[in-house]
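Commentary on secondary and tertiary structure
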Amino acid sequence: MAEHTAIFRASASPEIGGGHVIRCLSLARELRDQGWNCIFASEPETLMMMPIVREFKFIKLSKNDKKDEASQVRKKLNSSAAAVIVDHYKRGLTFEKQCRKWSKIVMAIDDIPNRLHDVDLLLDQTGGRTPHRYKNLVPKDCKILTGPKFSLLRSSFSSLGAHHKRHLNRRKHRIFVAMGASDPKNLTNIVLNTIHQVSPNSSADILLSSNAPHLSGIKKRCSGHHTYSLHTDLNDPASLISKATFAVGTAGINLWERCALGVPSVIVIAAENQRANAEYVIQNNGGIFGGELPTLDQNYLRQAISRMANEDQIVLTCSQGAAKICDGLGTKRVAKIIFSLVKNFA
C-alpha cells in the first residue's frame, strides 16, 4: 500500500487520563504496519502523561491555538492527509469541518452520543451502544461502528486471545490492578488495602502512568511488599494481564483488554462515561460490580474482591463471559474500513 498520512488528535492529562491516547495508539500501530505515516497532534502535557506516544511523530499544539487549531496542524504538517482521527471531547463539529479542507476523510471516536459530528466514520466502542444513537448527529452517509466488536486494542490481545487458564489457588491469587493511567483519586491504594485484607497471600500487578499523581506512594508501598509489582508506561501489557487470576479495574479501554484475554473483573465505575461499559460486561457475565465514584463504598468493594478470591465458579463463569464479549480484532476491522473509505474517496 502506498504511504498515506493519518493525523491523530487526542489528549492525555491527569484529569482525563490516557484512554483516548491508548486507543488511538492501537489504531496508529495497525495503520503503520500497513505502510501509513501516523502523526499525533496534541499538547506537550500529553507527551508528559503518555511518553509512549514518542514512538510516532508528534506535532506540539498550544492551548492558545484552539480556535485555529486545524489550520495550525495543516501548516505544521505541510501537506494534505488521508485521514484525520479525532478522539477528543472538546474537538467536535467545528474542528472536523476545518479538517475536511485538507484531509480525504475525517473520523471521530466518541462514547457520549450528545453532540454533532461532520465525519465520514464514527466509532463508539461502548458496550451495548447501537448506531441509532448517532443517527441524527452525523451526516447521512457517515458509517457508524458501535460496540466492543470494534474496540481499538493492540494486536497482542487478539494473538494471545483467551487461551490462558485462570490460575485458581485460593491461598495465592495473582491480581491485576488497573484503576486508570493517572488514577487521580488514588483508587489503587484503596484496592491494595482491600486485597491485603481479604486475600493477604495474593500477589498484585499494578499498572499506572509514570506521571500518575500518586505514583510515589504506590511505589513506596510496592517496595515494602514483595508480592506487589508496579508497572509503568508498558508498551504492551497483554502478557502481564493474561497471567492474572482476575482483575480489579475501571471500565475504560482496559476493560475491553481484560475481556479479550478472558480475565474476569471486579469493575469500578470511575466516570459516568464508563457506566454503560460496566453494566454491559456485568450483564454478560464478564465481571462483577465493585462500586463507583464519587463515593466508593469500600465495604462493597471488599465483598466483591472477596467473592472473586474465594468462589472459583465466579472466576470461571466471568472468564468465559468476558471472552465472548471482545475478541481483540476490532482494530483490524476499523483499519480495513478506513482503507476502503480512503480508496473510494472521490
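Quick notes on the rules
Starting from 1, residues in each chain are numbered consecutively following that chain's sequence as written. Local features in a predicted model are, by the rule used here, given only for residues with pLDDT of at least 70; side-chain atom pairs are given and counted only at 80 or more, and totals for whole chains, interfaces and linings are based on all residues. Think of the side-chain values as coming from all heavy atoms in the structure, minus any hydrogens and water. Under the DSSP-based scheme used, a helix requires at least four consecutive residues in state H or I and a strand at least two consecutive residues in state E, with every element numbered from the N terminus. Computation of the radius of gyration draws on C-alpha atoms alone. For the globule rule, the value is 2.2 Å times the number of residues to the power 0.38. Only heavy atoms enter the contact rule, under which two residues are in contact if any of them lie within 4.5 Å. Under the convention used here, a 1.4 Å probe and the Shrake-Rupley method define accessible areas, while residue burial counts only the protein chains that appear. A positive count includes Lys and Arg, and a negative count includes Asp and Glu. His and the chain ends are not counted in either. Where a charge lies is defined by one atom per residue type: Lys uses NZ, Arg uses CZ, Asp uses CG and Glu uses CD. Note on definitions: angles span 0 to 180 degrees between N-to-C directions of axes, and those axes are lines fitted to C-alpha atoms, for helices only across the stretch in contact. Angle categories are assigned with fixed cut-offs, so that under 35 degrees is roughly parallel, over 145 is roughly antiparallel, 65 to 115 is roughly perpendicular, and the rest are oblique. For any pair of crossing helices, the crossing counts as left-handed if the nearer helix is rotated counterclockwise from the farther one by less than a right angle, and right-handed if it is rotated clockwise. Gly is placed with the polar residues, together with every amino acid not listed as nonpolar (Ala, Val, Leu, Ile, Met, Phe, Trp, Tyr, Cys and Pro) or charged (Asp, Glu, Lys and Arg). Throughout this description, the term salt bridge denotes a Lys or Arg side-chain nitrogen within 4 Å of a carboxyl oxygen of Asp or Glu. Exposure classes here rest on a 1.4 Å probe applied to the protein chains alone. A residue is buried below 20% of its type maximum, exposed above 50%, and partly exposed in between. Here a helix's expected span is defined as the number of its residues, less one, multiplied by 1.5 Å. At least two DSSP bridges between two strands are needed for those strands to be called paired. By the criterion used throughout, a crossover qualifies as right-handed when its path from the first strand across the helix to the second strand runs clockwise, the strands pointing away from the viewer. In this context, the arc is that of the directions from the helix axis out to the C-beta atoms. Contacts described as polar in this section are N or O atom pairs within 3.5 Å, which, within protein, must combine one atom able to donate a hydrogen with one able to accept it, while residues neighboring in sequence count only if both atoms come from side chains. Method remark: on a 1 Å grid restricted to protein atoms, a set of points is classed as a cavity if a 1.4 Å probe fits but cannot get out and as a pocket if it is open with protein on both sides within 12 Å along at least five of seven lines; lining residues have an atom within 4 Å of a point. Grid points are joined across faces, edges and corners, and a volume is the space filled by probe spheres set on the points.

Helix and strand counts for the protein chain come out as 13 helices and 13 strands. Radius of gyration (C-alpha) of the protein chain: 20 Å, near the 20 Å computed for a compact globule of 346 residues. Based on the C-alpha atoms only, the size of the protein chain along its principal axes is roughly 60 × 35 × 35 Å. For the protein chain, the share of sequence-separated contacts (at least 6 apart) that also reach a separation of at least 24 residues comes to 61%. In the structure as shown, the protein chain presents an accessible area of about 15100 Å², 49% of it carried by carbon and sulfur atoms. Taken as two groups, the 47 positive and 30 negative side-chain charges of the protein chain have centres that lie 2 Å from each other.

Attention shifts here to the packing of helix α1 (residues 19-33) against helix α13 (residues 330-343). Between α1 and α13, the least distance of the axes is 10 Å, while the angle of their chain directions is 60°. Compared by their axis directions, α1 and α13 come out oblique. Like other packed secondary-structure pairs, α1 and α13 cross with a definite hand, here right-handed. Mapping the contact onto sequence places S26, L27, E30 and L31 in α1 and T331, K332, V334, A335, I338 and F339 in α13. Looking at side-chain class alone, the contact of α1 with α13 contains six nonpolar, two polar and two charged residues.

Under the definition given, this model contains 18 salt bridges. Two residues, E55 and R32, come together in a salt bridge whose shortest N-O distance is 3.0 Å. Taken together, the residues span a long stretch of sequence, with E55 in the loop between α2 (44-49) and β3 (57-60) and R32 in helix α1 at a distance of 23 residues. Of the residues examined, E55 reaches a relative accessible area of 32% and is grouped as partly exposed. Residues participating in the shared-partner salt-bridge network are R9, E43, E69 and R91.

Below, the discussion takes up helix α6 (residues 187-198). Along its twelve residues, α6 runs 17 Å from first to last C-alpha, staying within 8% of the 16 Å computed at 1.5 Å per residue. Every buried residue of α6 is listed here: L187, T188, I190, V191, L192, T194 and I195.

On to the environment of C222. Counting through the fold element by element, C222 comes out in helix α7 (residues 215-223). Sequence-distant contacts of C222, that is, excluding residues within four places in its chain, are made with I206, Y228, S229 and L230.

Turning next to the pairing of strand β11 (residues 246-250). Within β11, five of the five residues are buried, which leaves it mostly tucked inside the rest of the structure. Neither face of β11 is open: one carries F246, V248 and T250, the other A247 and G249, and all of them are buried. Across four bridges, the pairing between β11 and strand β12 (residues 265-269) is parallel. The partner of T250 across the bridge, within β12, is V268. Since β11 and β12 lie parallel, the crossover through helix α9 (residues 253-260) that links them has a hand, and here it is right-handed.

The end-to-end C-alpha distance of helix α11 (residues 298-310), which contains 13 residues, comes to 18 Å, matching closely the 18 Å that a straight helix rising 1.5 Å per residue would cover. Residues of α11 that are buried include every one of L301, A304, I305, M308 and A309, and no others. Take α11 and look down its axis: the buried residues cluster within an arc of 135°, on one side only. Residues of α11 that are buried in the fold lie against α6, β11, β12, β13 (287-292) and α12 (312-325). Near the N-terminus of α11, the side chain that reaches the backbone nitrogen of N299, with its oxygen 3.0 Å away, is that of D297.

A separate point is the sheet that holds strand β10 (residues 228-232). With parallel pairing, the six strands of this open sheet are ordered in space as β10-β9-β8-β11-β12-β13. Only two strands of the sheet have a single neighbouring strand rather than two, namely β10 and β13. Taking each pair of neighbouring strands and ignoring which way they run, the sheet shows an average axis angle of 20°. Summarising the sheet, strand β9 (residues 203-208) and β10 pair through five bridges and their orientation is parallel. What sits directly across from I206, in β10, is L230.

Moving on, we come to empty space enclosed by the protein. Applying the stated criterion to the full structure yields one cavity of 30 Å³ or more. Its boundaries defined by the atoms lining it, the largest cavity holds a volume of some 30 Å³. Contributing to the lining of the largest cavity are S182, D183, N186, L208, A212, P213, H214, L215 and I218. Looking at the lining of the largest cavity, its residues break down into five nonpolar, three polar and one charged.

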